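Coordinate inspection notes
The primary structure of each chain is shown beneath.
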There are 2 protein chains.
Amino acid sequence: MRIEVINTGTELLLGKVVNTHVTFFGDELFKLGLRISRQTTIPDGEDIRRALEESFPRSEVILVTGGLGPTSDDITRETVAGLLGLALHKDDAVWEHIRSFFLRRGKEPNSWNDRQAMVPEGAEVLHNPNGTAPGLFVPAIPGKSPHLFLMPGPPRELKPMFREQVLPRLQTLSESPILPWRNFKIYGVGESAIAEIIEPRIQDVENLEYGYCCRLGEVDVRLIGSEPAIETASAVLREEFSEDIVTESETSLEEILVERLTAAGQTVATAESCTGGLIASTLTDISGSSVVFHRGYVTYADEAKAELLGVPTELLDRHGAVSEPVARAMVLGCLEHSQADHAIAVTGIAGPTGGSEEKPVGTVFIAVASRGGETIVRKECFTSDRISFKSRTTRAALDLLRRRLCGFI
Amino acid sequence: MRIEVINTGTELLLGKVVNTHVTFFGDELFKLGLRISRQTTIPDGEDIRRALEESFPRSEVILVTGGLGPTSDDITRETVAGLLGLALHKDDAVWEHIRSFFLRRGKEPNSWNDRQAMVPEGAEVLHNPNGTAPGLFVPAIPGKSPHLFLMPGPPRELKPMFREQVLPRLQTLSESPILPWRNFKIYGVGESAIAEIIEPRIQDVENLEYGYCCRLGEVDVRLIGSEPAIETASAVLREEFSEDIVTESETSLEEILVERLTAAGQTVATAESCTGGLIASTLTDISGSSVVFHRGYVTYADEAKAELLGVPTELLDRHGAVSEPVARAMVLGCLEHSQADHAIAVTGIAGPTGGSEEKPVGTVFIAVASRGGETIVRKECFTSDRISFKSRTTRAALDLLRRRLCGFI
């Protein structure tokens with residue numbers, strides 16, 4: 001089924017507002033075994049007509065975002081009705097929804113909002129609990145137009161509408177059953193290395209599609225196909241990457257850590273130099289993290305490492321702050337001072353300045369310690385820009401903790 | 001000048017990889033007074049031919065990203081040459097660059113890389129110091145094709161190439177002088193409130209275009225036009241928003257703080273509860289921050305607030321952790337224990353759980369303290385999801401510090 005996406009919105013072309021609709025759709029459609037064949041962004045206003053006309057013969061489904069608002073350059077609804085020769089009528093239920101939406105906020109809808117209640121004949125209304133503009137499903141007119149889904153632009157209105165009202169319709173339209181799928185998240189092995197290992201073993205598996213998505217040292221391997229095909233491929237992945245597999249779902253590494261620690265009734269504390277608080281921030285992105293994370297130290301300067309974590313000044317002087325002994329002292333100091341069950345610590349050179357021949361920019365020591373467990377310090381080198389370095393180091397530290405919690409190290 | 005963007009890359013349509021090229025181009029083109037009139041994403045492979053053919057009659061310039069790599073589905077170069085009837089020849093300088101790129105990494109280029117050295121006749125090579133694939137500029141062929149810029153997909157190769165080699169050519173091609181522009185970053189006033197205040201005063205200014213971009217409480221107001229027009233509008237903005245103006249450039253709030261603190265020879269320390277380290281992480285995103293930021297406390301649990309910052313347990317019991325007195329005690333404890341010149345502290349309810357009638361999810365107290373200065377505590381309510389709450393609170397805390405450093409509070 002050929003699906004095209006048309007995003008309307010001048011702001012998407014002016015810079016600064018990133019188009020996140022496409023990744024959202026791509027991700028959601030994958031679960032139905034569907035793909036976007038083309039995506040187009042156009043400014044608000046007249047361009048929607050031409051974009052639709054061009055897209056009609058190429059596609060079976062068009063997902064349109066934006067242009068359903070009340071202002072004069074929001075003309076998606078009227079343009080579609082005009083192109084297809086469909087009369088517009090005012091839908092009482094939609095109008096009631098718009099009115100009550102305003103009244104709840106102590107306002108009255110004005111005449112512009114009237115237009116938002118107009119529905120082309122033959123179209124189905126997609127209810128919008130999070131805004132005034134309803135979505136519309138205009139079924140295909142044979143020989144004339146493909147199935148059209150018109151949706152509001154704001155993500156918090158679009159996303160629930162797409163998941164709850166558009167996806168089920170697409171599933172029916174695609175006429176193919178939803179295929180089972182599974183997502184393996186693998187840490188510590190590169191995308192091409194994974195491909196080289198698994199492809200010879202799974203490329204001939206029938207009824208299996210697979211794909212990779214790589215981000216900051218984590219690779220998602222997605223399998224879609226028949227249940228037995230997925231099982232066969234899963235067995236290969238488990239055999240080849242056992243301890244490197246973070247999860248067989250879409251759960252994030254940080255969620256998994258919070259879940260595992262919660263289940264074990266344990267806590268973790270952080271001592272960060274080069275990541276500057278990003279590890280703690282990432283853990284606390286997860287709701288419920290307050291049960292397992294009580295404190296973190298951001299010890300950017302040497303005296304902070306000495307004072308807050310008890311790192312001996314002599315160690316700092318002799319080895320430098322970016323060194324195995326200092327990482328070890330940081331993590332042990334963190335464990336002791338925080339009374340947590342586990343501690344992670346990082347010290348490295350984020351750059352762009354501060355590197356040397358011996359310790360180039362990107363060098364980082366990552367440590368984990370646990371009550372009654374061995375203290376592990378790993379050296380890595382993540383050569384990239386400062387922001388990526390911080391993210392890569394954060395992922396690596398969280399993964400080291402995962403391996404500890406799983407008993408792998 | 002009508003400019004279209006064509007992004008090739010299957011990964012951009014599968015979800016997870018966000019297309020950041022468009023915002024980058026939009027932002028950079030704005031400085032030349034240029035806009036993107038349409039943007040299209042297509043998968044790797046054959047679709048590029050059709051997309052180009054459709055785009056030719058609509059545009060004067062096409063920016064193409066991706067499809068210049070060495071694998072079989074990278075066919076942008078060959079497709080353009082084919083469409084325009086241009087012969088390809090192997091460029092010795094490009095080949096030498098590719099070879100030395102591999103040799104420096106201890107590898108040899110293979111026969112696939114050969115293709116990357118092929119240049120269509122009449123095209124200019126855009127040197128790529130950060131990768132193997134050179135960019136190409138294929139000048140317009142009257143009556144046939146617009147100006148084509150072919151660029152590699154990876155952002156770290158694309159961005160410098162665009163800034164250094166494509167923008168200057170676009171400037172020449174557009175034949176219009178680069179208009180002066182200015183960017184005001186305003187914190188603490190909403191986009192629509194700003195519009196309501198300034199539009200009556202600037203909408204009739206001749207030779208002036210303006211636009212807004214809003215993100216996490218910061219609004220960028222961009223002015224472009226004649227020098228006197230910009231001065232007139234700037235005077236209005238300064239008069240209306242004086243202390244709310246973070247900068248009249250594109251410098252970020254955190255950069256400004258690091259610059260100001262560095263210039264003053266001062267330091268700041270952080271004490272974070274609900275932001276979980278994000279404030280410290282944001283400050284340390286800036287290279288050179290180690291001079292002004294020595295330590296941060298992430299005191300997520302009450303006992304961490306008591307132990308690390310000296311917040312009296314009795315205060316926590318009486319008022320709760322999310323309260324004015326606790327925010328005050330946190331920031332003063334942070335100032336005292338860190339020996340910094342300034343301290344910022346936040347305590348709030350990130351949600352989605354933990355809210356109450358009296359203190360709903362989103363409630364946050366933000367405090368700043370300085371040696372010899374008054375301690376200020378602000379109460380805010382940022383109702384949104386957990387991640388946005390953390391970001392909004394971080395921006396608000398950094399802005400409060402800015403106002404302190406500027407002497408406004």
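Time to look at the overall build of chain A. When you go through chain A residue by residue, the secondary structure sums to 15 helices and 17 strands. A principal-axis box enclosing the C-alpha atoms of chain A has dimensions of 80 × 60 × 45 Å. Across the 409 residues of chain A, 45% fall into the buried class. When contacts within chain A are restricted to residue pairs at least 6 apart in sequence, those whose partners lie at least 24 apart make up 65%.

All names here are of chain B. At a minimum axis distance of 12 Å, the contact between helix H2 (residues 21–30) and helix H7 (residues 155–174) shows a crossing angle of 30°. Our classification of the angle between H2 and H7 gives roughly parallel. Here the hand of the crossing between H2 and H7 comes out right-handed. Touching His-21, Phe-24 and Glu-28 of H2 are Leu-158, Lys-159, Phe-162, Arg-163 and Leu-167, all from H7. Of the residues that constitute the contact of H2 with H7, the class distribution is 4 nonpolar, 1 polar and 3 charged.

In this section: the environment of B:Pro57. Residues and elements named next belong to chain B. Mapped onto the secondary structure, Pro-57 falls in the loop between helix H3 (47–55) and strand E3 (61–65). In this structure Pro-57 comes out as exposed when scored by C-beta crowding, with 8 C-beta atoms within 10 Å. For the pair Pro-57 and Arg-260, spaced 203 residues apart in sequence, the C-alpha separation works out to 51 Å.

This next bit is on the interface of chain B and chain A. The interface is formed by 48 residues belonging to chain B together with 48 residues belonging to chain A. The set of elements that each furnish at least two residues to the side of chain B that touches chain A consists of helix H1 (10–13), H2, strand E2 (36–42), strand E10 (208–215), helix H11 (278–283), strand E14 (293–299), helix H12 (302–309) and helix H15 (386–405) of chain B. Looking at the side of chain B that touches chain A residue by residue, the classes come out as 20 nonpolar, 19 polar and 9 charged. When strand E14 (residues 293–299) of chain A meets E14(B), the two strands line up antiparallel, connected through 5 bridges.

A few words on the nonpolar core. Ranked by size, the top nonpolar core spans 140 residues in total, and within it A:Val331 and B:Val331 carry the most contacts. When residues no more than four places from it in sequence are discounted, the contact partners of B:Val331 are B:Ala271, B:Ala343, B:Ile344, B:Ala345, B:Ala367, B:Val368, B:Ala369 and B:Thr375.

Further remarks concern the relation of the copies chain B and chain A. There are two copies of the chain, and a rotation about an axis plus a shift along that axis relates them. Aligned on chain A, chain B shows an RMSD of 0.4 Å; the corresponding rotation is 180° and the shift along the axis is 0.3 Å. Each copy turns onto its partner about a two-fold axis.

With 13 residues, helix H5 (residues 92–104) of chain B should cover 18 Å at 1.5 Å per step; its first-to-last C-alpha distance of 18 Å lies within 8% of that length. Taken from the residues just after H5(B), B:Gly106 is the one with a positive phi, measuring 70°.

All names here are of chain B. Where strand E16 (residues 363–370) lies against strand E17 (residues 376–381), 6 bridges are found, and the strand directions are antiparallel. Its bridge partner being in E17, Phe-365 is matched across the sheet by Lys-379. The antiparallel hairpin formed by E16 and E17 contains 5 residues in its connecting segment, where Gly-372 sits at a positive phi of about 75°.

A word on the sheet that holds strand E10 (residues 208–215) of chain A. Residues and elements named next belong to chain A. With antiparallel pairing, 4 strands are arranged side by side in an open sheet as E10-E11-E9-E12. With one partner strand each, in any of the chains shown, E10 and strand E12 (245–247) form the two edges of the open sheet. Within the sheet, the average angular offset between the axes of one strand and its neighbour, ignoring direction, is 30°. As judged from the 2 bridges shared by strand E9 (residues 181–187) and E12, these two strands associate in the antiparallel manner. The residue bridging Ile-186 from the neighbouring strand is Ile-245, located in E12. Relative to the sheet, helix H8 (residues 191–202) contacts E9, E10 and strand E11 (218–225), its axis offset from that of E10 by approximately 170°.

Residues and elements named next belong to chain A. Between helix H3 (residues 47–55) and helix H4 (residues 76–84), the shortest axis-to-axis distance is 10 Å and the interhelical angle comes to 50°. With respect to each other, H3 and H4 are oriented oblique. Relative to H4, H3 is oriented so that their crossing is right-handed. Here H3 contributes Ile-48, Arg-49, Leu-52 and Glu-53 to the contact with H4, which in turn contributes Thr-76, Thr-79, Val-80 and Leu-83.

Reading across the sheet, the 12 strands line up as E6(A)-E7(A)-E8(A)-E3(A)-E1(A)-E2(A)-E2(B)-E1(B)-E3(B)-E8(B)-E7(B)-E6(B) and stay open at both edges, with mixed pairing between neighbours. The two strands at the open ends of the sheet, each matched to only one other strand, are strand E6 (124–126) of chain A together with strand E6 (124–126) of chain B. Taking each pair of neighbouring strands and ignoring which way they run, the sheet shows an average axis angle of 15°. Two elements, strand E1 (residues 3–8) of chain A and strand E3 (residues 61–65) of chain A, share 5 bridges in a ladder whose sense is parallel.

Below, the discussion takes up the confidence of the model for chain A. Residues with a pLDDT of 70 or more make up 100% of chain A, whose mean pLDDT is 92. Confidence estimates for the predicted assembly give a pTM of 0.83 and an ipTM of 0.83.

Attention shifts here to the domain arrangement of chain A. What the domain assignment reports for chain A is domain 1 (3–174), domain 2 (181–247) and domain 3 (253–405). Centre-to-centre, using C-alpha coordinates, domain 1 of chain A lies 36 Å away from domain 2 of chain A.

What follows covers the pairing of E2(B). Here E2(B) lies mainly inside the structure; 6 of its 7 residues are buried. Taken together, the 3 bridges between strand E2 (residues 36–42) of chain A and E2(B) define a ladder with antiparallel strand orientation. The partner of A:Thr41 across the bridge, within E2(B), is B:Gln39. Bridge count for strand E1 (residues 3–8) of chain B against E2(B) is 6 bridges, and the pairing is parallel. In the strand pairing of E2(B), B:Val5 is matched with B:Gln39.

Since one α-helical turn is 3.6 residues long, residues separated by three or four positions face the same way. Residues and elements named next belong to chain B. The terminal C-alpha atoms of helix H10 (residues 253–264), which comprises 12 residues, lie 17 Å apart, in line with the 16 Å expected from a rise of 1.5 Å per residue. Looking at H10, one finds that the buried residues are Glu-254, Ile-256, Leu-257, Val-258 and Leu-261. At its buried positions, H10 is contacted by strand E12 (245–247), strand E13 (268–272), H11 and H15. Of the residues one or two after H10, Gly-265 is the one with positive phi, at around 65°.

Before going further, it helps to spend a moment on unusual backbone geometry. Residues and elements named next belong to chain A. Here the residue pair Gly-351 and Pro-352 is connected by a cis peptide bond, since its omega of 5° sits within 30 degrees of zero. In this structure, Pro-352 sits in the loop between strand E15 (342–348) and strand E16 (363–370). Here Asn-207, not a glycine, exhibits a phi torsion of approximately 60°, which is positive. Take Asn-207: it is sitting in the loop between H8 and E10.

This paragraph deals with the environment of A:Gly276. Mapped onto the elements of the fold, A:Gly276 is located in the loop between strand E13 (268–272) and helix H11 (278–283). For the pair A:Gly276 and A:Glu46, spaced 230 residues apart in the sequence, the C-alpha separation amounts to 48 Å. When sequence neighbours within four positions are dropped, the list of residues in contact with A:Gly276 reads A:Val298, A:Tyr300, A:Lys390, B:Ala280, B:Ser281 and B:Thr284.

To continue, consider the environment of A:Glu108. All names here are of chain A. Within the element layout of this structure, Glu-108 appears in the loop between helix H5 (92–104) and helix H6 (111–114). Residue classification places Glu-108 among the exposed positions, given that 9 C-beta atoms sit within 10 Å. Residues Glu-108 and His-342 lie 234 residues apart in sequence; the distance between their C-alpha atoms is 56 Å.

Definitions and cut-offs
Numbering of residues begins from 1 in every chain and follows the order in which that chain's sequence is written. Following the order in which they are written, the chains are lettered starting with A and the ligands numbered starting with 1. Per-residue local features of the predicted model are confined to residues with pLDDT of at least 70, and side-chain atom pairs are confined, for both listing and counting, to 80 or more; whole-chain, interface and lining totals are unaffected and use all residues. Runs of H or I in DSSP of at least four residues are treated as helices and runs of E of at least two as strands, each being numbered from the N terminus. As a rule, residues whose C-beta atom has 12 or fewer other C-beta atoms within 10 Å are exposed, those with 20 or more are buried, and those in between are partly exposed; C-beta atoms are placed from the backbone. Two residues form a contact once the distance between their C-beta atoms, set from the backbone, is within 7 Å. Only the stretch in contact is used when a helix axis is fitted, and all axes are lines through C-alpha atoms; the angle between N-to-C directions ranges over 0 to 180 degrees. Geometric relationships in this document are graded by angle, where less than 35 degrees denotes roughly parallel, more than 145 denotes roughly antiparallel, 65 to 115 denotes roughly perpendicular, and other angles denote oblique. Should the near helix be turned anticlockwise from the far one by less than a right angle, the crossing is left-handed, and should it be turned clockwise, the crossing is right-handed. Under the convention adopted here, Pro, Cys and the residues Ala, Val, Leu, Ile, Met, Phe, Trp and Tyr are nonpolar, Asp, Glu, Lys and Arg are charged, and Gly plus all remaining residues are polar. What makes two strands pair is DSSP finding at least two bridges between them. A set of buried residues qualifies as a nonpolar core if it consists of Ala, Val, Leu, Ile, Met, Phe, Trp, Tyr and Cys joined through C-beta atoms within 7 Å. A least-squares fit on C-alpha atoms brings the copies together, and the residues used are those whose pLDDT is at least 70 in both copies. Expected helix span is taken as 1.5 Å per residue step, with the number of steps being one fewer than the number of residues. On a scale of 0 to 100, pLDDT captures the predictor's confidence in every residue. By convention here, the domain bounds are inherited from an automatic or database domain assignment.

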